[in-house]
Every structure is written in C-alpha cells, then in structure tokens.
Amino acid sequence: MASKKIQELLADKAEYYLDHTSKTIDKSTLFIPSADTVDQVWSASNRNIQTIRSIQTLMGNGRLANTGYVSILPVDQGIEHSAGASFAPNPIYFDPENIVKLAIEGGCNAVASTYGVLGAVARKYAHKIPFIVKINHNEFISYPNRFDQIMFGSIRDAWNMGATAVGATIYFGSDESARQIVEVAKAFEYAHELGMATVLWCYLRNPSFKKDGVDYHTAADLTAQANHLGVTIQADIIKQKLPTNNGGYTALNFGKTHKGVYEKLSSDHPIDLCRYQVANCYMGRVGLINSGGESKGASDMAEAVMTAVVNKRAGGMGLISGRKAFQKPMNEGVDLLNTIQDVYLDKDITIA
C-alpha cells in the first residue's frame with residue numbers, strides 16, 4: 001500500500017487512483033523510468049556524449065537522483081503571467097536567489113527559469129543544481145494581449161551561464177506555431193551541439209479548441225499529438241498538462257484520428273488518458289513530465305499528489321510544479337515538493 005500520507009491526501013479517490021489497472025496500452029510495451037534509463041534509451045540515440053552526460057546530470061540530482069524520475073521547479077511565470085500575479089502572494093521570490101534556494105532545499109533535480117533569473121546567480125549556483133534556461137516566452141504585456149512565444153536570448157548565453165539544459169514552449173495549433181517549431185528545432189539542434197539537454201513545453205493554443213462549452217486544450221488526443229511533434233524535433237523531455245478530457249479531434253471535426261484511439265488506446269480514466277500522452281512520447285523513450293498547474297490554496301497538496309500518482313502510474317517521468325510551491329511560505333513549498341517526490345520514491349505505487 002502507498003504511504004498513509006499519500007492515501008490520506010487522495011482521500012476517497014485513493015482506490016480509484018492507486019488500484020486502477022490499465023487495459024489500454026500494455027505497460028510491458030513502455031520504457032518505464034529506471035536507474036538505467038540513460039543507458040537503455042539515450043546511449044543508442046544520436047545525442048552526443050556531452051548531451052547524454054547532461055541528461056544524466058539532470059537525472060542524478062536531488063531526492064529522486066538515479067531513480068529515472070525527476071522533480072523540477074519551474075519559475076518563468078514572472079514573464080508568462082506577470083511578476084505581480086506570480087510573486088505578490090510571496091514577494092521573496094522577486095529575488096532570483098530564493099527561487100534557486102527553494103529548488104535546492106526542496107530536493108529538486110533542476111530549476112527551470114529565465115535568462116535573467118538564472119544569470120543573476122549563475123556563478124553561485126550553476127554547479128550546485130542543474131539549470132534549465134527557458135529560451136522563449138509569451139511576453140504578455142502588449143495590449144491587447146498577444147499569445148506568441150518569442151526568443152529572449154541565445155543558446156550560447158545559456159551555455160555560458162553553465163546551463164545543463166534549455167527549455168522552450170511551442171503553442172501548437174496557433175497561427176504562430178509553424179515559426180515557433182522552426183525556431184525551437186534550430187535552437188534545440190544547437191543546444192545539443194553544445195552538449196545541453198532539451199525540455200519542451202508542448203502546449204496547445206487556439207480559440208477554436210473550445211467548442212460547445214468544452215475546452216479541448218487539454219484533450220488527451222490533441223495534447224498527445226503535440227507531444228509527438230515535440231519528440232520529433234528531438235526534445236529530451238516533454239512537459240505537458242495532465243489531460244482532462246478526450247475526443248478533441250472528433251468534437252472539433254478536424255485533422256485525422258482513428259476510432260482505436262478512443263476504443264482501445266484510452267479510456268475515461270485519468271491514468272489511461274495520460275498513458276496515451278506517454279505513448280506519443282515514443283512509448284516513454286522520451287520522458288513525460290506533467291505540470292502542477294496554478295495554486296488554489298488549501299487543495300494544492302492533494303492536487304499535486306493526484307497529478308504525480310497519475311503521471312507515475314501512466315508511465316511518466318515526473319512532475320514540474322511551480323506556483324503551488326513558490327506562492328506560499330518556503331517551508332510549505334519545500335514540503336509540497338518533497339511530498340510530490342515521495343510519490344515517485346514510494347515503491348508501492350507502481351505502473352498501472
């Protein structure tokens with residue numbers, strides 16, 4: 001049985017999440033995260049030696065070191081959502097050093113943030129915790145708001161500050177997605193050339209993805225296809241939102257899909273929906289990390305644990321949780337990050 005704390009946080013849904021047996025994509029066909037993931041997956045790839053070492057560095061740090069799983073603190077919301085919206089709940093995080101301190105004290109594998117945040121403290125911390133430098137952002141100050149990811153710096157600059165990896169976002173489905181795909185693909189190629197790993201935020205963005213009151217931006221079939229595009233441009237880790245529904249292709253009546261996606265390869269259970277995301281990451285060869293989402297206050301811990309359980313039991317690689325951790329006192333943020341990590345350390349929580 002999972003630990004008492006995890007069961008209590010899952011409350012009356014504990015059996016639903018912990019005892020589910022997936023009958024969609026068999027777990028034996030997946031590349032399940034393990035201590036030798038780098039040897040089993042990346043040693044056979046086209047990644048160069050320096051990049052393979054960087055992937056291992058990411059996976060060999062923090063409380064989840066050498067388990068195959070990762071826990072990452074992402075703090076790019078100062079740009080993506082505005083600094084006020086992000087840091088007013090806890091103003092100490094206007095100071096970049098406290099962001100890095102939270103990641104270290106929280107036992108994270110890595111900290112992901114902006115050029116400015118990580119550059120401000122690079123000489124003090126780049127050798128203490130792996131840096132993931134976020135290379136593009138939605139600047140979110142133009143009026144009216146535009147939703148586009150634009151480059152904020154160079155790959156060479158990320159390398160110069162000691163980054164282990166670079167991260168980027170593509171708004172798949174948006175009018176600007178074709179340009180973003182080309183930009184990020186070229187950036188990732190250069191990052192690999194310099195020996196850095198790559199992490200891709202595979203988000204959907206199109207107003208037409210909402211229909212009849214249902215938001216399909218987090219549909220399993222659409223997000224999984226975004227993942228498939230992300231691994232195609234050679235992201236080493238895929239970040240995706242946890243699916244909340246399915247049938248985006250059929251409801252919106254566009255693109256191509258197959259009835260087997262809905263009848264055989266997925267169900268309405270969150271673990272099975274997430275497993276379809278994992279399958280589109282080359283059956284887990286490329287690790288899937290799900291995002292923790294916004295902070296809602298008292299329910300944050302329970303929501304984070306649920307997301308971690310779903311991700312792990314689906315075959316995912318870990319969780320990347322930001323606002324739930326940094327929009328509260330640091331000791332509470334550390335506790336939340338540690339509890340997420342406890343899900344991945346719990347040997348009784350297995351692949352469904």
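Residues numbered from 1 in each chain as written. Predicted model: local features only at pLDDT ≥ 70, side-chain atom pairs only at ≥ 80, totals over all residues. Heavy atoms only, no water.

(A) Broad picture of the overall build of the chain. Scanning the chain from terminus to terminus reveals 17 helices and twelve strands. Taking 2.2 N^0.38 as the reference for a compact globule, 352 residues should give roughly 20 Å; the C-alpha atoms of the chain span a radius of gyration of 19 Å, in line with that estimate. Dimensions of the chain, computed from the C-alpha atoms along their principal axes, are close to 50 × 45 × 45 Å. Here the chain holds 352 residues, and the buried ones make up 57% of them. Counting contacts in the chain only where the partners sit at least 6 residues apart, residues at least 24 apart contribute 75% of the total. When the accessible area of the chain is evaluated, it comes to approximately 14,900 Å², of which 53% is carbon and sulfur surface. Between the mean site of the 34 positive side-chain charges and the mean site of the 35 negative ones, the chain shows a separation of 2 Å. (Helix = DSSP H or I, 4+ residues; strand = E, 2+ residues; numbered from the N terminus. Rg over C-alpha atoms; globule rule 2.2 N^0.38 Å. Buried < 20%, exposed > 50% of the residue type's maximum accessible area, 1.4 Å probe, protein only. Contact = heavy atoms within 4.5 Å. Areas by Shrake-Rupley, 256 points an atom, 1.4 Å probe, with all protein chains shown as cover. Lys, Arg positive; Asp, Glu negative; His and termini not counted. Charge placed at Lys NZ, Arg CZ, Asp CG, Glu CD.)

(B) How the structure looks around the packing of aromatic side chains. If you walk through the whole model with that rule in mind, you get eight aromatic pairs. Ring geometry for Tyr69 and Tyr344: centres 5.0 Å apart, planes at 40°, overall tilted. Of the two residues, Tyr69 sits in the loop between helix H4 (49-59) and strand S1 (70-75) while Tyr344 sits in helix H17 (residues 330-345), which places them 275 residues apart along the sequence. With respect to class, Tyr69 is no different from Tyr344; both count as buried. Site record: aromatic cluster; members linked through ring pairs are Phe87, Tyr93, Phe94 and Phe326. The ring of Trp159 has Arg156 sitting right over it, with the charged end atom 5.1 Å from the ring centre. Its end group placed over the ring of Tyr203, Lys241 keeps NZ or CZ at 4.8 Å from the ring centre. (Phe/Tyr/Trp six-rings, centres within 6.5 Å; stacked < 30°, edge-to-face > 60°. Lys NZ or Arg CZ within 6 Å of the ring centre and 35° of its normal.)

(C) Main features of the sheet that holds strand S2 (residues 110-114). The eight strands are arranged S1-S2-S3-S6-S7-S10-S11-S12 in a closed barrel whose pairing can be described as parallel. For this sheet the average axis-to-axis angle between neighbouring strands, irrespective of direction, equals 25°. Packing of helix H15 (residues 300-314) onto the sheet brings it into contact with strand S11 (287-291) and strand S12 (318-320), and relative to S11 it is tilted by some 160°. (Pairing = 2+ DSSP bridges. Axes fitted to C-alpha atoms, helices over the stretch in contact; angles between N-to-C directions.)

(D) H4, seen in detail. Looking at H4, one finds that the buried residues are Thr51, Ile52, Ser54, Ile55, Leu58 and Met59. Looking straight down H4, one finds its buried side chains confined to an arc of 155°; they lie on one side. Turned more than 90 degrees off the buried face of H4, the exposed positions are Ile49 and Arg53. The backbone nitrogen of Gln50 has a side-chain oxygen 3.2 Å away, supplied by the residue at the start of H4, namely Asn48. (Arc of directions from axis to C-beta. Polar contact = N/O pair within 3.5 Å; in protein donor to acceptor, adjacent residues only side chain to side chain.)

(E) Seen up close, unusual backbone geometry. A cis amide bond links Tyr143 to the next residue, Pro144, at an omega of -5°. Along the chain, Pro144 turns up in the loop between strand S4 (136-137) and strand S5 (150-151). For Tyr282, which is not glycine, the phi dihedral falls at a positive 55°. The class of Tyr282 is partly exposed, set by a relative accessible area of 35%.

(F) Highlighting helix H10 (residues 177-193). Helix length check: H10, at 17 residues, gives a terminal C-alpha distance of 24 Å against a target of 24 Å (1.5 Å per residue), a fit within 8%. When H10 is considered as a whole, its buried residues turn out to be Ser177, Gln180, Val184, Ala187, Phe188, Ala191 and His192. Within H10, the buried residues cover an arc of 135° as seen down the axis, which keeps them to one side. Set apart from the buried face of H10 by more than 90 degrees, the exposed residues are Ala178, Lys186, Glu189 and Glu193. The inward-facing, buried residues of H10 contact H4, S4, S5, helix H9 (155-160), strand S6 (165-172) and strand S7 (197-204). (Expected span 1.5 Å × (residues − 1).)

(G) Here's a closer look at the pattern of salt bridges. Evaluation of the coordinates by the stated rule reveals twelve salt bridges. As a salt-bridge pair, Glu80 and Lys134 come within 3.7 Å of each other at their nearest N and O atoms. Highlighted residues: Glu80 in helix H5 (residues 77-87) and Lys134 in strand S3 (residues 131-134), separated in sequence by 54 residues. Grouping residues by exposure puts Glu80 and Lys134 together as buried. Among the ionic pairs, Glu183 bridges to Arg179, the shortest N-O distance being 3.0 Å. (Salt bridge = Lys/Arg side-chain N within 4 Å of Asp/Glu carboxyl O.)

(H) Molecular detail of the side chain of Ser174. Within the secondary structure layout, Ser174 lies in the loop between S6 and H10. Residue classification places Ser174 among the buried residues on the basis of a relative accessible area of 9%. A distance of 2.8 Å separates a polar side-chain atom of Ser174 from the backbone oxygen of Tyr171. For Ser174, the contacting residues outside a window of four places in its chain are Gln180 and Arg205.

(I) Structural detail: the nonpolar core. Counting residues in each nonpolar core, the largest one holds 112 residues, and the members touching the most others are Leu73, Leu102, Phe131, Leu200, Ile238 and Val309. Look past the residues within four positions of Val309 in its chain and what remains in contact with it is Ile6, Leu10, Tyr17, Leu18, Val343 and Ile349. (Core = buried A, V, L, I, M, F, W, Y, C linked by side-chain atoms within 4.5 Å.)

(J) Main features of the layout of surface pockets. Put simply, the largest pocket is a space of about 1,400 Å³. Lining the largest pocket are 49 residues, and of these Tyr203, Thr218, Lys241, Ser291 and Arg323 lie nearest its centre. Contributions of two or more residues to the lining of the largest pocket are made by H5, S6, S7, strand S10 (237-240), helix H14 (270-279), H15 and helix H16 (323-326). For the lining of the largest pocket, the class distribution of residues is 15 nonpolar, 17 polar and 17 charged. (1 Å grid on protein atoms, 1.4 Å probe; cavity = no way out; pocket = protein on both sides within 12 Å on 5 of 7 lines; lining within 4 Å. Points joined across faces, edges and corners; volume = space filled by probe spheres on them. Nonpolar A, V, L, I, M, F, W, Y, C, P; charged D, E, K, R; others polar.)

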